[in-house]
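For reference, the chains in residue letters:
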Amino acid sequence: MKNSVLLLVICIHTICTSAQSDKSTNWKNTYRESYPLVNDLIHTKLEVSFDFNSSYLYGKEWITLKPHFYRTDSLSLDAKQMDIIRVAILKNGELMSLPYVYDGWHLKIKLDKRYNATEKYTVYINYVSKPKQAKLPEDRRGLYFINPKGDQKDVPIQIWTDGETENNSVWFPTIDKPDQKSTEEMILTVPDKYLTLSNGALISQIANGNGTRTDHWKMDLPHAPYLFFIGIGDFALIRDEYKGKEVNYYVEKEYASTARKIFGLTPDMMAYFEKITGVPFPWPKYSQIVVRDFTSTAMENTTATAHGEGAQQDSRELLDGNRWENNIAHELFHQWFGDLVTCKSWSNVTLNESFARYGEYLWLEHQYGPDAASEEGYNQLRAYLSNPENGTKPLVRYYYADQEDLFDDVSYNKGGLIINMLRKAVGDSAFFQGLHLYLIKNKFKAAEVDQLRMAMEEVSGRDLNWFFNQWYLGSGHPKVEIDYLYDDLAKKVVVVLSQKRDSNHLFRIPINIDIYSGPLKQRYHVWIGDKNDSFSFPYSIKPDLINVDADKIVVWEKTDHKMLENYIFQYFHAGNYVDRREAIAACLKNQTNPLALNLLKKSLSDQYEGLREFTMRGLNFKNDTIRAVMEPILLNLVKNDLNSAVKAEAIELLANYPKKGYEKLFLTNLNDSSYVIAGASLHALSILDTLTAYREALKLATQKSKWALSNVDVVILLKYGTEDDFDLISEKYTLLSFRIRIARNFGDYLSRVQNPEKFKKGIDILVNQWENYPLFRAAIDNQVLISLMEKKQGVGQKAQADYIKDKLSKM
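Residues numbered from 1 in each chain as written. Predicted model: local features only at pLDDT ≥ 70, side-chain atom pairs only at ≥ 80, totals over all residues. Heavy atoms only, no water.

Across its full length, the protein carries 26 helices and 29 strands. Scaling as 2.2 N^0.38, a compact globule of 811 residues should have a C-alpha radius of gyration of about 28 Å, and the protein matches this with 29 Å. Overall, the protein is about 90 × 75 × 55 Å in size when its C-alpha atoms are taken along their principal axes. By the burial criterion, 59% of the 811 residues in the protein qualify as buried. When contacts within the protein are restricted to residue pairs at least 6 apart in sequence, those whose partners lie at least 24 apart make up 69%. Summing over all exposed atoms, the protein offers an accessible surface of approximately 33,000 Å²; the carbon and sulfur share of this is 50%. Of the side-chain charges in the protein, 99 are positive and 104 negative, and the distance between the mean point of each set is 1 Å. (Helix = DSSP H or I, 4+ residues; strand = E, 2+ residues; numbered from the N terminus. Rg over C-alpha atoms; globule rule 2.2 N^0.38 Å. Buried < 20%, exposed > 50% of the residue type's maximum accessible area, 1.4 Å probe, protein only. Contact = heavy atoms within 4.5 Å. Areas by Shrake-Rupley, 256 points an atom, 1.4 Å probe, with all protein chains shown as cover. Lys, Arg positive; Asp, Glu negative; His and termini not counted. Charge placed at Lys NZ, Arg CZ, Asp CG, Glu CD.)

Attention now moves to the sheet that holds strand E4 (residues 82–91). Reading across the sheet, the eight strands line up as E5-E4-E8-E2-E1-E11-E14-E13 and stay open at both edges, with mixed pairing between neighbours. Two strands close off the open sheet at either side, each with one partner strand: strand E5 (94–97) and strand E13 (201–207). Sheet twist, expressed as the mean angle between neighbouring strand axes with direction ignored, is 20°. One ladder, built from seven bridges, connects E4 with strand E8 (residues 121–129); its direction is antiparallel. Across the sheet, residue isoleucine 89 finds its bridge partner in E8, namely valine 123. (Pairing = 2+ DSSP bridges. Axes fitted to C-alpha atoms, helices over the stretch in contact; angles between N-to-C directions.)

Next up on the list: the packing of aromatic side chains. All chains considered together, the criterion is met by 47 aromatic pairs. Residues phenylalanine 50 and phenylalanine 145 carry aromatic rings whose centres are separated by 6.3 Å and whose planes lie at 70° to one another, so their mutual orientation is edge-to-face. On the criterion of sequence distance, the pair formed by phenylalanine 50 in strand E1 (residues 39–51) and phenylalanine 145 in strand E9 (residues 143–146) is long-range, its members being 95 residues apart. Comparing phenylalanine 50 with phenylalanine 145, the two get one shared label, buried. Arranged with centres 6.4 Å apart and planes meeting at 85°, the rings of phenylalanine 235 and tyrosine 250 form a pair that is edge-to-face. Of this pair, phenylalanine 235 sits in strand E16 (residues 235–242) while tyrosine 250 sits in strand E17 (residues 245–252); the two residues are 15 residues apart in sequence, bridging distant segments of the chain. (Phe/Tyr/Trp six-rings, centres within 6.5 Å; stacked < 30°, edge-to-face > 60°.)

Among the structural elements, serine 644 can be located in helix H16 (residues 644–654). Discounting chain neighbours no more than four positions away, the residues touching serine 644 are Asp320, Ser674, Val676 and Ile677.

Another point: the packing of helix H12 (residues 577–588) against helix H13 (residues 594–603). Two measures define how a pair of helices packs: the angle their axes make with one another and the distance between the axes. Across the interface, H12 lies against H13 with an axial gap of 9 Å and an inter-helix angle of 130°. Judged on the interaxial angle alone, H13 and H12 are oblique. Here H12 runs over H13; the crossing is left-handed. For the pair H12 and H13, contact is made by Ala583, Ile584, Cys587 and Leu588 and by Ala596, Leu599, Leu600 and Ser603, respectively. Its residues assigned to classes, the contact of H12 with H13 shows seven nonpolar, one polar and no charged. (Parallel < 35°, antiparallel > 145°, perpendicular 65-115°, else oblique. Left-handed = near helix turned anticlockwise from the far one by under 90°. Nonpolar A, V, L, I, M, F, W, Y, C, P; charged D, E, K, R; others polar.)

As a further point, take the pairing of strand E23 (residues 479–487). Moving residue by residue along a regular strand, the side chains alternate between the two faces of the sheet. Here E23 pairs with strand E29 (residues 557–560) via four bridges, running parallel. Across the sheet, residue isoleucine 482 finds its bridge partner in E29, namely aspartate 560. Strand direction decides the pairing type here: E23 and strand E24 (residues 492–499), joined by eight bridges, are antiparallel. For glutamate 481, the partnering residue across the bridge sits in E24 and is serine 498. In this structure, the hairpin formed by E23 and E24 is closed by a connection of four residues, where lysine 491 is found at a positive phi of approximately 55°.

Before going further, it helps to examine helix H15 (residues 624–640). The end-to-end C-alpha separation of H15 is 25 Å, in line with the 24 Å expected for 17 residues at 1.5 Å each. Its axis deflected by about 40° at methionine 630, H15 carries its strongest bend there, up to four residues before the proline proline 632. Taken together, the buried positions of H15 are Ile626, Met630, Glu631, Ile633, Leu634, Leu635, Leu637 and Val638. Those residues of H15 that are buried are in contact with H13, helix H14 (609–618), H16 and helix H17 (663–669). Structurally, the start of H15 carries an N-cap: the backbone nitrogen of threonine 625 is 2.9 Å from a side-chain oxygen of asparagine 623. (Expected span 1.5 Å × (residues − 1). Bend = angle between axes of the 7 residues up to and from the residue. Polar contact = N/O pair within 3.5 Å; in protein donor to acceptor, adjacent residues only side chain to side chain.)

Moving on: the environment of valine 554. By secondary structure assignment, the location of valine 554 is in the loop between strand E28 (545–548) and E29. Separated by 130 residues in sequence, valine 554 and lysine 424 place their C-alpha atoms 9.8 Å apart. In this structure, valine 554 is in contact with Met421, Ile509, Ile511 and Asp549, ignoring residues within four places of it in sequence.

This part is about unusual backbone geometry. Going from glutamate 164 to threonine 165, the amide bond is cis rather than trans, its omega being 10°. Locating threonine 165 in the fold gives a position in the loop between strand E10 (158–161) and strand E11 (182–191).

Another aspect to go through is the packing of helix H2 (residues 266–277) against helix H5 (residues 350–368). At their nearest, the axes of H2 and H5 sit 11 Å apart, and the two run at 105° to each other. Our classification of the angle between H2 and H5 gives roughly perpendicular. Contacts between H2 and H5 involve Asp268, Met269, Tyr272, Phe273 and Ile276 on the former and, on the latter, Gly359, Leu362, Trp363 and His366. Considered class by class, the residues forming the contact of H2 with H5 number six nonpolar, two polar and one charged.

On to the side chain of glutamate 185, then. In this fold, glutamate 185 is placed in strand E11. No salt bridge is formed by the buried glutamate 185. Its closest oppositely charged neighbour is lysine 45, at 4.9 Å. Among the polar contacts listed, one links the side chain of glutamate 185 to the side chain of histidine 43, at a separation of 2.8 Å. In terms of polar contacts, glutamate 185 uses its side chain to reach the side chain of histidine 216, at 2.8 Å. If we ignore the near neighbours within four places in the chain, the residues touching glutamate 185 are His43, Thr44, Lys45, Leu46, His216, Trp217 and Lys218. (Salt bridge = Lys/Arg side-chain N within 4 Å of Asp/Glu carboxyl O.)

In this section: the environment of serine 315. Position of serine 315 among the secondary structure elements: in helix H3 (residues 315–318). Looking at serine 315, the relative accessible area reads 43%, which means it is partly exposed. Sequence separation between serine 315 and tyrosine 255 is 60 residues, and the spatial gap between their C-alpha atoms is 9.0 Å.

A side chain of one charge can pair with a side chain of the opposite charge when the charged atoms of the two come close. Under the counting rule described, the total for this entry stands at 40 salt bridges. Connected through salt bridges with shared partners, the residues Glu389, Lys393, Arg397 and Asp408 form a single ionic network.

The structure is reproduced here in structure tokens:
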């Protein structure tokens, strides 16, 4: 599962009231062992149909199992909040009822005899799943009916599932644990007009003659129950292929023409991931489906990845680049890491998620070069370091309150960075051969971090306990201060690395140090591991740069006492993305220094667009010298830069020149084919000419626009719009996929609305978001409504304040 949303990174994990969550402090003393294997899943066959009006699933299940080792006469299944109608065992083609006890969470079945480890048995269960009535947080209901009655305008009717972590047991009884593996049959009866998608291959379709059709999907390879999936809806199906295997894209029909542009690199990704792992794509097909209101960004269901609606982009959006490409790579790499080899327990979920995150890095490195990959790695490091609490959590966590808490910046971002460090520690050849061995030895099985360690040790011939104990089983990261002591008389320099006292513990790390004297570079390989480590290097000419962690791969917080001239040299000679970024950052802190200013001018033509953007965002336009020097450079970027994000940033910054008459330039670029450029132009225009921007926003609101432009458009309308614009504004606002980002703006607009009916409609929109979208609740809770109520009370509008108060009392 990918738990970060592009443009708006939000992760929601609501507290579950069942046994899988413990939000008291008791969890700190509760060791989360791997789940005991009493019975092993072998095969799961499901026949299901749907009641769209009630949002029910009617299911018949045949589940084949065997005892894992010890003889047993009982079976316990996870079965959350469903109606159990009958439980029986299949004997010689006949069903024999079995006694059972069901508490709403677990189905405990008494078998007809004691079975030994060589005996298979098949249990039949007739049941009804009622996910909307389940006493579970919305993001843990497993099965979702989207607009099932068809009464929501512009919302398609869909059914889809999301099983991670243990949510599929809301819609079928199973042993809902990651260390179980089962083959699968999914027999779905649906209205004729809908397409279906499930795991494995579609082996038959039968028209029933009553307006319904029965599709039979079969998965002959074992995979974990949380990866079972069904998707149903009126989709366009775009067919692709890879080495004779189906590669399909299910999108809303509006996006059929751009589906290949969104997902079309999938076969190339499959080829690349096959090459680096040495393991052919292990499944019979690979489909990707885009669904509405998905509970996360995407989910790596085996052979059937589900994506949130943010994946869908029109041709104009794609001019700014495919914002979903990282997610596509992430979920695809999961087909090896997570699906083929699955974490044995959620404590080891980083084995799934860190590799998927690293898959993004690897794809960027392959497809777009080292700068793109390094930028991704740098951003992941910043995300991990941004929350001090992350430093208290090991990658492999055997103590936690709720398994959903494990899907965080530690498991994802830090985990991916640690894999990159492991790659550097053993070398590329040993690393990728180690991955191959890990996958081959553990395919169709569940694994713990020790299996990864042993595979790497077997290939490299090295004992890697020091690495895994420190980075996987330990928490935190080093906090290091780097000092340089030059002795020109002795012609030597001492580099001192001091691990600060607030580091979790002393870290042992191999580090490369590059020493530059003019065009010559000498690399030294050293290890740190003490509170203070000193390394002495001779020189004939004083070095221009000493570059510690020359490859910029160590996960740490560092304070590096380089001089400005060292950083400037670093930009031009060390050269990787982080080296150049560090140099730019140092110069941004010293913008009035002529040497720094010259480098900043140079960095605005850096080969990598991300660093051109980074430079612009750090410029101080309150300084007259900066303003004067940068204006012609910004104009040149607007006119000539080929990257839309860079051009958009330059347009935004030209709004810092109110007397220069750039309104015409902004109006011209408002018609640019790039949404990003048009959105930046509208925002810049709103700073210099509010009335014109408002008029242009009204025009745009009647057109179909997306993302960058539509967000800016609605924000301007919310800021400057009148009560007469309510119908238009409310319609545009509710259509925004990321309206959560501007909910406060919508609340501010409603504070100016006097008409009682319009005001109530606006409040109902906010309440609907709060009730139906977990992302909305987690991001802003009900503070928008409380703030708006207080404003209305403050101006004596009691009826409107009371309406909000009544809504709040029911939330």
